[in-house]
Amino acid sequence: MEGVKASLPQTLVREIESGLSSVESTCTALASHFSHNHVCFQLLQQLIEPGMTSCAKDRQTALDCKGEGNAAFGRASFKHALDCYTKGLRFISLNTQIDVSHAATLLVNRAATLHRLELLDAAVQDCTRAIELQPDYAKAWYRRGRIQADLRNYENAVEDMKKVLSLESSVGGQKQVKREMADLEILMSEMTVLDEASHMIPAVDSRKWEPRIMESVMDTSSTWTPEKQWGLSTEQNLEPGSLILQEAPYAAIVLKACRNSHCHYCFGQLPANPMACNTCAIPLYCTEACRDKALGCGSDRATGGSLHLQNDILSGEHKHECGGASWSAVLPTDAVLAARIFVRSQALGHLDNQLDGFCHHYENLSGMDKLDLHVLAVVMANVLKCNSGEVTDNVAAKLVLLIARVRANAMAIVSISSPDTAVPMTELSAPDVSSSTSTLLSIEQVKVAQAVYVKASRMNHACDPNVHVSFQSRCLSARTIKSVLAGAPLEISYGPQLGEMFYEDRQAWLRERYCFTCTCSACKHITHSDLLLIALHCSKASCEGVVPGPAVSPATESEAFQRTLQKQAQCLGCGTLVDVATASIAAKESMEELERSDSSPLFWVLVGNFGSDKRCLWVFSGVCRIKSEVSSPSAGKNLKVMVAAVLHLLGCCRDVLHSSSKQLARVEDLVAQVLCTADQPQDAISHCQTSIQILEQVYSQDHIAVANERLKLTSIAHAAGDTKCALLNLGIVDRIMRIHYGPHYSVMFPYIASLQQVLDKSGSFVKN
Ligand SMILES: [Zn+2]
Ligand SMILES: [Zn+2]
Ligand SMILES: [Zn+2]
Ligand SMILES: [Zn+2]
């Protein structure tokens, strides 16, 4: 792209950057430059020609992957073997009989690997896929039979072995299979009734999207104001937790960072045996159903036949990307998403699509951004023309605004990470919460995709929002998290919320990312929550007043030192001037000292020796450092030292920080975590409780951050054997989760449901 920009005539660059000419005319000029310029031609070739990239099917690559997989399997590096076979499947086409049999081999080899990794259901699935491709492939039947036997599905195992017998020609092979069948018969007769009952319990697959029980959706209406343009408001009074919207996306796309870990259609975590696209080497899908839907040729079985996805059946969103060309893998995600929107709106027959009313802030963009959009749009117009051959001429101009609209309106689809999903490529399952380990449960979300919703994308931003959105697969649900009066705007948070970032930082973030200055009620003046982000203790021992600390946001702590820090701050309670500058200088020195000793074990000695005169920022950096130490593999060795260091740190923090400061909540939470790691959950309870009290002041009692901390407390109390405390907290978690995620939230958070079951059991045990 840089080469292309360098090739542009300066007059054209200036014309685009100034924004004085119409987008249509600058796009036309740029397009004509593209058609004559060699550098541009080359770039387009690279993006469009399947032969020039590694995005097209390629038998040799697939066979190389198979070879590498076999070698890894031989070394017992099963995880690596798994990756190799999956990559091989990505590159193998199904065009010729030879390729089909290569694909079947790759599937059976992957099944054998899954078998060794004890991922039996996935292994059976891969064998079945191989059999579907090549029904006379004895190895596939044999492998499936063996796995069925391990699953104790003896009858199925025998059936598969019978099939092997009919296909196997060698005498030795026949003998072996007969022997194994005889063994199976014995096992079958020995299987007790109890065994049968225990393996009859159907496995719950939390990845599958349950067809939801319909909740009533409230009426909303779109409103237009000159300042905020489109917005959404309610037509009736709403209680917290009311469902106001359920919507499938107009278009959606997986984020680049999640391409190898999440399904490119439903955005769920990929299983150990993902499926590749049939005709290109780019996407991975969790099942055949998702793959078929992405190509627009499938039934609706991927998503449980839900009504909300009716729109999606039309789409086939990957189809126009699927020629083996690299552009959809290489270009920025928002541009590829814009192309999906463009192609879809064309397919639906209204070029002036429903998203035209969305703001794009084009005029507010910098000259450089305008130039970027132009180049991207002209590239996209060429690419789409190449693939469909029916795109009209001013497409580039439309795409400029469309990409800008996507940037301003796309929403992040988040997925709940289950506590055990730190290890990717494993089957998702509920963690074992029945054992009394100190596993800390928490609600963590990861951004997996970007999507544009016709209705939900109209919601405006507020730093203290009254709506929370959640996602199941691609479908968005929006619920009120406060009481909202009829006619009031419905607002979500686009990013940093009140209590997470100081108001100036929030505003700067929103200006930079979304080109507007927030004027929400939380931004009118500095709020209580802003003050508590970093609140210092008053120097008068008896005073409970808050001393505002240096305004830093948690996200930019390392930059804290580059800021000009205020020298003195006034206690809001008694008016005493408190010297915060000395604290900052001491902090800076200690921080530098710490940076130098970063990699040495001396760190712990330093932590143990620092004096309480070194003030707040020192403490914050220490907290971050310890956090990474706690999660490092060598942490176990120094548990005693760590507990001592952390408790010492807590004492220093209490001297410096106000008792309601959010920073103190972080430290208390950390102390609880360290105590749990050191197997002292009963000592951790009070620290976790203090953290909750602070968070309730910084946010509100029903905030999701509070639910998260209470969930931690529940697991700590459970580990400490305090069932009463655990049940009490889980009850509150339940209430907050219902408000944010609806009555069926346990579908998304299976581990909360299993914790509830375990606690109910031990609760009734206590009563008896
Ligand atoms: Zn999927
Ligand atoms: Zn494809
Ligand atoms: Zn605001
Ligand atoms: Zn004071």
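About the cut-offs
Residues numbered from 1 in each chain as written. Chains lettered and ligands numbered in written order. Predicted model: local features only at pLDDT ≥ 70, side-chain atom pairs only at ≥ 80, totals over all residues. Heavy atoms only, no water. Pairing = 2+ DSSP bridges. Helix = DSSP H or I, 4+ residues; strand = E, 2+ residues; numbered from the N terminus. Axes fitted to C-alpha atoms, helices over the stretch in contact; angles between N-to-C directions. Contact = heavy atoms within 4.5 Å. Donors = N, O, S within 2.8 Å, 3.2 Å for Na, K, Ca; no water. Tetrahedral: all angles 85-135°; square planar, octahedral: opposite > 155°, others 65-115°. Buried < 20%, exposed > 50% of the residue type's maximum accessible area, 1.4 Å probe, protein only. Salt bridge = Lys/Arg side-chain N within 4 Å of Asp/Glu carboxyl O. Polar contact = N/O pair within 3.5 Å; in protein donor to acceptor, adjacent residues only side chain to side chain. Expected span 1.5 Å × (residues − 1). Phe/Tyr/Trp six-rings, centres within 6.5 Å; stacked < 30°, edge-to-face > 60°.

It is worth spelling out the sheet that holds strand 4 (residues 251–254) at this point. Overall, antiparallel pairing links the 3 strands, which are arranged 4-8-7 in an open sheet. Sheet topology places strand 4 and strand 7 (411–417) at the edges, where each strand pairs with a single neighbour. With direction set aside, neighbouring strand axes in the sheet form an average angle of 40°. Pairing between strand 7 and strand 8 (residues 444–452): 7 bridges, direction antiparallel. Counted as the bridge partner of Ile413 is Ala449 from strand 8.

A separate point is the sheet that holds strand 3 (residues 243–247). The 3 strands are arranged 3-11-10 in an open sheet whose pairing can be described as antiparallel. Both edges of this open sheet fall to strand 3 and strand 10 (467–472), since each of them pairs with a single strand only. For this sheet the average axis-to-axis angle between neighbouring strands, irrespective of direction, equals 20°. Where strand 3 lies against strand 11 (residues 475–480), 4 bridges are found, and the strand directions are antiparallel. Residue Leu245 lies in a different strand from strand 11, and its bridge partner there is Ala478. Strands strand 10 and strand 11 of the sheet are contacted by helix 28 (residues 723–741), whose axis makes an angle of about 120° with strand 11.

In this section: the coordination of the zinc ion (ligand 1). Looking at the zinc ion (ligand 1), one finds its protein donor set to be Cys263 (SG), Cys266 (SG), Cys286 (SG) and Cys290 (SG), positioned 2.3 Å from the metal centre. If you look at the zinc ion (ligand 1), its 4 donor atoms make angles of 104 to 115° with each other, and the shape they trace is tetrahedral. Read in sequence order, the donor residues coordinating the zinc ion (ligand 1) give the pattern C-x2-C-x19-C-x3-C. Residues Cys286 and Cys290 agree in their burial class; the two are buried.

This part takes up the pattern of salt bridges. One pass over the full model with this rule turns up 20 salt bridges. Among the salt bridges present, the one from Lys5 reaches Asp372, with a minimum N-O distance of 2.5 Å. On the criterion of sequence distance, the pair formed by Lys5 in helix 1 (residues 2–7) and Asp372 in helix 17 (residues 367–388) is long-range, its members being 367 residues apart. Of the charged contacts in the structure, one is a salt bridge between Asp126 and Arg129, with a shortest N-O distance of 2.9 Å.

The next thing to look at is the coordination of the zinc ion (ligand 3). Under perfect tetrahedral coordination by four donors, a metal shows angles of 109.5 degrees; under perfect octahedral coordination by six donors, it shows angles of 90 or 180 degrees. Distances from the zinc ion (ligand 3) to its protein donors, Cys463 (SG), Cys518 (SG), Cys520 (SG) and Cys523 (SG), fall within 2.3 Å. Each donor residue of the zinc ion (ligand 3) lies on the same chain, and together they follow the pattern C-x54-C-x1-C-x2-C. The same class applies to Cys518 and to Cys520, which are both buried.

What follows covers the environment of Arg344. Considering the arrangement of structural elements, one finds Arg344 in helix 16 (residues 333–347). It is 8.0 Å that separates the C-alpha atoms of Arg344 and Ala251, two residues lying 93 residues apart in sequence. Of the polar contacts made by the side chain of Arg344, one reaches the backbone oxygen of Tyr250; its length is 2.7 Å.

For helix 19 (residues 503–514), spanning 12 residues, the distance from its first C-alpha to its last is 16 Å, which sits close to the expected 16 Å at 1.5 Å a residue. Close packing links the buried residues of helix 19 with helix 18 (395–409), strand 9 (460–461) and helix 20 (528–533). The first or second residue beyond helix 19 is Cys515, which carries a positive phi of 60°.

The next thing to look at is the packing of aromatic side chains. Evaluation of the coordinates by the stated rule reveals 8 aromatic pairs. Judged by centre distance (6.3 Å) and plane angle (90°), the ring pair of Tyr494 and Phe516 falls under edge-to-face. Of this pair, Tyr494 sits in the loop between strand 12 (489–492) and helix 19 while Phe516 sits in the loop between helix 19 and helix 20, placing them 22 residues apart in sequence. Here a set of aromatic residues connected by ring pairs shows up, and it is made of Tyr494, Trp509, Tyr514 and Phe516.

Time to look at helix 7 (residues 97–116). With 20 residues, helix 7 extends 29 Å from end C-alpha to end C-alpha; this agrees with the ideal 28 Å at 1.5 Å per step. Across the 20 residues of helix 7, 16 count as buried, placing the element largely inside the fold. A positive phi of about 60° marks Glu118, the residue just after helix 7.

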